[in-house]
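# Structure at a glance
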Amino acid sequence: MSTSTAAHGLTSRDAYQALQSHHAEIKDKHLREWFAEDPQRAQTLSIEALGLYLDYSKNRITSQTVQLLVALAESANLKDRIEAMFTGEKINTTEDRAVLHTALRAPRDAKIEFEGENVVPDVHAVLDKMAAFCDRVTSGQWKGHTGKKIRNVVNVGIGGSDLGPVMAYEALRYYSNRELNFRFVSNVDGTDFAEATQDLDPSETLFIVASKTFTTQETMTNARTARTWLLSGLGGDESAVAKHFVAVSTNADEVAKFGIDTENMFGFWDWVGGRYSMDSAIGLSTMLAIGPNNFRDMLGGFHEMDVHFRTAPLAQNLPALMGLLNVWYTNFFDVKTVAVLPYDQYLKRFPAYLQQLTMESNGKSTTLSGDRVDYDTCPIFWGEPGTNGQHSFYQLIHQGTHLIPCDFIAFCKSLNPLGDHQDILMANVIAQGEALAMGKTAEEVKSEGTADELVPHRVFEGNRPSNTIFIEQLTPNVLGKLIALYEHSTYTQGVIWDIDSFDQWGVELGKVLAKKIMPELQSADAALSHDSSTNGLIQRYRQWK
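Residues numbered from 1 in each chain as written. Predicted model: local features only at pLDDT ≥ 70, side-chain atom pairs only at ≥ 80, totals over all residues. Heavy atoms only, no water.

## Some words on the confidence of the model for the protein
- Summary statistics for the protein give a mean pLDDT of 97 and a share of 99% for residues scoring 70 or more.
- Within the model, pLDDT remains below 50 along residues 1-7, and this stretch shows 15 contacts once partners closer than five positions in the same chain are excluded. (pLDDT = per-residue confidence, 0-100. Contact = heavy atoms within 4.5 Å.)

Shown next, in the form of structure tokens:
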């Protein structure tokens, strides 16, 4: 296998080598020095757009770094690649698919063509169908098998069919209909279903089964269990299924076989990848929770960020700049991980959502032309809401041996103002960015009267980079902007690394092997032909089962 294409595609470009030289010049300079030398640094290295204020001055960069990163993006034809995505080119080359999640939030009068047809009318037809359905459920017009109103909604999906809806429900819970109780089942572990339905009345429960093919093993296993649970609670009448199940799928035959009326099937398209689908029919539970108007406000936020990404100059382009900063740390500082730290309890599932978005998209080691990369690609994304994380893993971020860039996300107005809670919360997020950047020197520690033998333990090296994103308040519109910000940042990185950010072949092998192992677990006589470890584990399971 040749690696020359990968090497010549990125690391031998003039723009890349200019960044290498620049990195060698500035890599040891401390943020304390930069701030001391330039009183205007924060003003220079910040952007305000669409109601988001990004302060990126606490990164180990200068204005020249930004210019060189933009030059790298230009050498990768980032603007052309952005346009290719928005115009429906089949940029998912390994699956020969277009990538048009941006069409999901396009205005009704927009025109986005795929294979000669404008897809926008179809998108809005599904949105209108979703809205009509939601109105029927919330008004009580939709009734269960026994005539009762629906009070519980259980979303059954996995991956993009779960992470997005769960995150959006938690993020927008303030705006949700409190008369409805929402649960989410994804794990094939029976405990997930059992606990989600433990206190629910089948006669008041609606299941949304989200699976494009209606064949996803985990989702359909849970869906069949849900069907059994429902029928056992409603006397076994098969006609009850149609009153308590709807589908988000494109496989009408399988949906009908399950017992769901295909009139209550909400479709989406091959040009929507799972981890980019929460604003499609996959978001049906979100629309049920927050209502069609709030859902459309969220789509409006997505669209505003789409337009910004497509049109703003790269040096003032929020997603492009955040993506380029990740490239800077990954490829020049050997960073392996990025922490996303929302200082808002409603965003507690946002880091988990980003894990799939970023790592399933860019966890690749093969270029578009099929060559092995000779540089690092996606860092590991993770995080927890502040201030909880401060009493957990921040120790490692401040004083550990790993350099971990952080994204702090905070809202200046609380949705639940209680006493001085918000002031304390905001003081903490601001303080963490300052502490990471500036640190605390041995001299400063000594000046506080610390015993000499304790001084090394209380020194903070600082020079640890972070972005801070301030937003006025969390709304459905703002959530759409935030998600699109990270979607497009992820794509920016994929373009620079010359990888396909829209396939996910890495999830396939384990699934294939699991299907082979399944009958071997169920039959004590099945011959085993795996490695000795796998054979041993199968035998141990048989023994203890």
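From this point, the narrative continues.
## Looking at helix H14 (residues 292-311)
- Here H14 spans 28 Å end to end across 20 residues, near enough to the 28 Å set by a 1.5 Å rise per residue.
- Among the residues making up H14, those that are buried are Pro292, Phe295, Met298, Leu299, Gly301, Phe302, Met305, Asp306, His308 and Phe309. (Helix = DSSP H or I, 4+ residues; strand = E, 2+ residues; numbered from the N terminus. Expected span 1.5 Å × (residues − 1). Buried < 20%, exposed > 50% of the residue type's maximum accessible area, 1.4 Å probe, protein only.)

## A word on the sheet that holds strand E8 (residues 245-248)
- Across the sheet, 5 strands lie side by side as E6-E5-E7-E8-E9; this open sheet has parallel pairing. The sheet terminates laterally at strand E6 (181-185) and strand E9 (265-266), the two strands that pair on one side only.
- Note that strand E7 (residues 205-210) and E8 share 4 bridges and pair parallel. The residue bridging Ala210 from the neighbouring strand is Val248, located in E8.
- Running over the sheet, helix H9 (residues 190-197) touches E6 and E7 and is turned about 170 degrees from E6. (Pairing = 2+ DSSP bridges. Axes fitted to C-alpha atoms, helices over the stretch in contact; angles between N-to-C directions.)

## Structural notes on the side chain of Ser361
- If you trace the backbone, Ser361 turns up in helix H16 (residues 350-362).
- The residues contacting Ser361, other than those within four sequence positions of it, are Arg275, Tyr276, Gln356, Thr490, Asp500 and Ser501.

## Topic: empty space enclosed by the protein
- The final tally for this structure, using the stated rule, is 2 cavities of 30 Å³ or more.
- Of the volumes computed, that of the largest cavity is approximately 60 Å³.
- Forming the walls of the largest cavity are Asn59, Met322, Leu325, Asn326, Tyr329, Pro405, Cys406, Asp407, Pro465, Ser466 and Asn467.
- Put simply, the parts of the chain that give the lining of the largest cavity at least two residues each are helix H15 (318-332), strand E12 (406-411) and strand E13 (466-471).
- Tallying contributions element by element places H15 first for the lining of the largest cavity, with 4 residues.
- Each pocket or cavity is described by its volume, and for the second largest cavity that value is around 40 Å³.
- Around the second largest cavity sit Leu104, Val123, Val126, Leu127, Trp269, Asp279, Ser280 and Ala281, which together line it.
- Class assignment of the residues belonging to the lining of the second largest cavity gives a composition of 6 nonpolar, 1 polar and 1 charged. (1 Å grid on protein atoms, 1.4 Å probe; cavity = no way out; pocket = protein on both sides within 12 Å on 5 of 7 lines; lining within 4 Å. Points joined across faces, edges and corners; volume = space filled by probe spheres on them. Nonpolar A, V, L, I, M, F, W, Y, C, P; charged D, E, K, R; others polar.)

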